[in-house]
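Structural overview
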Amino acid sequence: MDKVEQRNIVIIGGGIIGCSVAYYLSRHPSYSTSTTNIIVLEASANGVAQGASGKAGGLVAKWAYPREIVDISFPEHVKLAEEHNGAERWGWRFVGCGSWEGEGEAFGESGSGVGKGGKRKSLEKTLGFDPTVAPESRAAKGLPDDLTWVKEELTTSYSPMSGPDGTAQVHPYLFTTSMLDLAKEKGVQLVEGTAISVEQVNRRVTGVTYRDRSDSNCIKTLPATHVVLSAGAWSPSIIPSLPIAATRAHSVTIHPKAGVTISPYVLFTEILLPHSLSASPEIYARPGNEVYVCGPGDDSTLPGNVDDVEIDLAACQSITNQVGSISQELREGAVDKRQACFLPVVRTGGGPIIGEAEKIAKGLYIATGHTCWGICNAPGTAKVIAGLIMERKARLRNLTKLAPSRFL
């Protein structure tokens, strides 16, 4: 009789990548609680999804990048929403998405939106957009009939970035926490603590040493046959050779006045402000009449823990003023949240980094460097990692250009 392989899998990081990996592992055909133990190790005192995974826009796009993961991930988003009632549970819906250009009216002090202590960095979200594959209507000028919450008289042009089934959205915090909750239903455990190191013997992982959240003087080690490093911008604190940089981005959420309806659009704007200033905030209309707005990135210093991320209130106010300059509905709305998060970016370009890091240790898997596309590409990344761990292969597509061996 064949010996059954016993797996102890530790996932470092309770963001959308880590929680999605936990979900896909727990749904794999060969998963059984009698043979496989899965732990998600999260450093925040406030639970999972406290970084970019809870403070992102939640865009899911067929035109995102890299194509190898997008082609897996987008259909998985659709399946997840259908299977688990994602429309109600995490705000899944298809949305209109376009590039808006125009002028902004004078409204408050419209600064750059860049956080104090850092230099401006592009979030590069539209790099994956290829205008040559957009519908012919892209060339048409003017606003869609139902996009009434930006002023028509201030609009120079509006260009759709995809067809009606090419762009969708989720609420990132609800999506991330739902993935973990669904994984916990199958036996996945959440452990609160800060990972210190991945232990190995003879170049094979044996465990993860961490500092207990409830007692900072208590150092423990979780035994592991497989370790998934998905700590986002904090991943180099565990594997210093990872070429991951951190980009901070500020955002706000706005609730319009009662009775005001915001139609479901995501806008990438280019606003010419008074005094020859310009701004490019991204605007995401969400279910429940919430509007999420984010500004540019900056290169401020990454703190040691996600709970210590500093928020520049002036940057948040600048973003609020910028969108208020083109929308009366947003100008008159109430700002609910002012927040900041750090995105993991591959220093050498390309990425994300996905796969087994055999040069460091067998059984060590890397899943980070997703920039602004973590929410979009999480299901595809998780499906690949689950396949590598449970089957020793990724069956769906050649992912060699994302392999850790290219970056480490």
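This is a predicted model, so every value here is computed, not measured.

What about the overall build of the chain?
When helices and strands are tallied, the chain shows eight helices and 20 strands. The proportion of buried residues among the 408 residues of the chain is 59%. Within the chain, contacts between residues separated by at least 24 positions form 79% of all contacts whose residues are at least 6 apart in sequence. Roughly 17200 Å² of accessible area belongs to the chain as shown, and the carbon and sulfur atoms make up 49% of that amount.

Some thoughts on the side chain of E282
Locating E282 in the fold gives a position in strand 16 (residues 282–286). For E282, a relative accessible area of 8% puts it in the buried group. Looking at E282, its side chain comes within polar contact range of the side chain of Y284, at 2.6 Å.

Considerations on unusual backbone geometry
For the bond running from Y65 to P66, omega is -5 degrees, close enough to zero to count as cis. By the secondary structure assignment, P66 is in the loop between strand 3 (59–61) and helix 3 (67–84). A cis amide bond links G351 to the next residue, P352, at an omega of 5 degrees. Summarising the element assignment, P352 is placed in the loop between strand 18 (334–346) and strand 19 (353–356). The phi angle at R203 is positive, at roughly 60 degrees, despite the residue not being glycine. Note that R203 resides in the loop between strand 9 (189–201) and strand 10 (204–212).

Some words on the pattern of salt bridges
This structure, assessed with the given rule, holds 13 salt bridges. Salt-bridge contacts for K383 lead to E76; the nearest nitrogen and oxygen are separated by 2.8 Å. Pair noted here: K383 is in helix 8 (residues 374–391) and E76 is in helix 3, with a separation of 307 residues, a long-range link. For E76, a relative accessible area of 7% corresponds to the buried category. Among the salt bridges present, the one from E290 reaches R286, with a minimum N-O distance of 2.9 Å.

Structural notes on the side chain of D312
Turning to its location among the elements, D312 is positioned in the loop between strand 17 (290–298) and helix 6 (313–324). At a separation of 3.0 Å, a polar atom in the side chain of D312 contacts the main-chain amide nitrogen of A314.

Comments concerning the pairing of strand 14 (residues 265–273)
Among the nine residues in strand 14, seven count as buried, and that is most of the element. Note: strand 5 (residues 96–103) against strand 14, eight bridges, orientation parallel. Within strand 14, the position partnered with G96 by the bridge is Y265. Across three bridges, the pairing between strand 14 and strand 16 is antiparallel. The partner of L267 across the bridge, within strand 16, is I283. One ladder, built from three bridges, connects strand 14 with strand 15 (residues 277–279); its direction is antiparallel. Each bridged residue has a counterpart across the sheet, and for I271 the counterpart in strand 15 is A279.

Describing the sheet that holds strand 4 (residues 93–94)
The strand order across the open sheet formed by three strands is 3-8-4, and the pairing between neighbours is antiparallel. The open sheet has two edge strands with one neighbour each: strand 3 and strand 4. Two elements, strand 3 and strand 8 (residues 167–169), share three bridges in a ladder whose sense is antiparallel. Paired with V60 across the two strands is A168, which belongs to strand 8. Against the sheet, helix 3 makes contact with strand 3 and strand 4, and its axis sits at roughly 115 degrees relative to strand 3, the strand it touches most.

Cut-offs and rules
- Residues numbered from 1 in each chain as written.
- Predicted model: local features only at pLDDT ≥ 70, side-chain atom pairs only at ≥ 80, totals over all residues.
- Heavy atoms only, no water.
- Helix = DSSP H or I, 4+ residues; strand = E, 2+ residues; numbered from the N terminus.
- Buried < 20%, exposed > 50% of the residue type's maximum accessible area, 1.4 Å probe, protein only.
- Contact = heavy atoms within 4.5 Å.
- Areas by Shrake-Rupley, 256 points an atom, 1.4 Å probe, with all protein chains shown as cover.
- Polar contact = N/O pair within 3.5 Å; in protein donor to acceptor, adjacent residues only side chain to side chain.
- Salt bridge = Lys/Arg side-chain N within 4 Å of Asp/Glu carboxyl O.
- Pairing = 2+ DSSP bridges.
- Axes fitted to C-alpha atoms, helices over the stretch in contact; angles between N-to-C directions.

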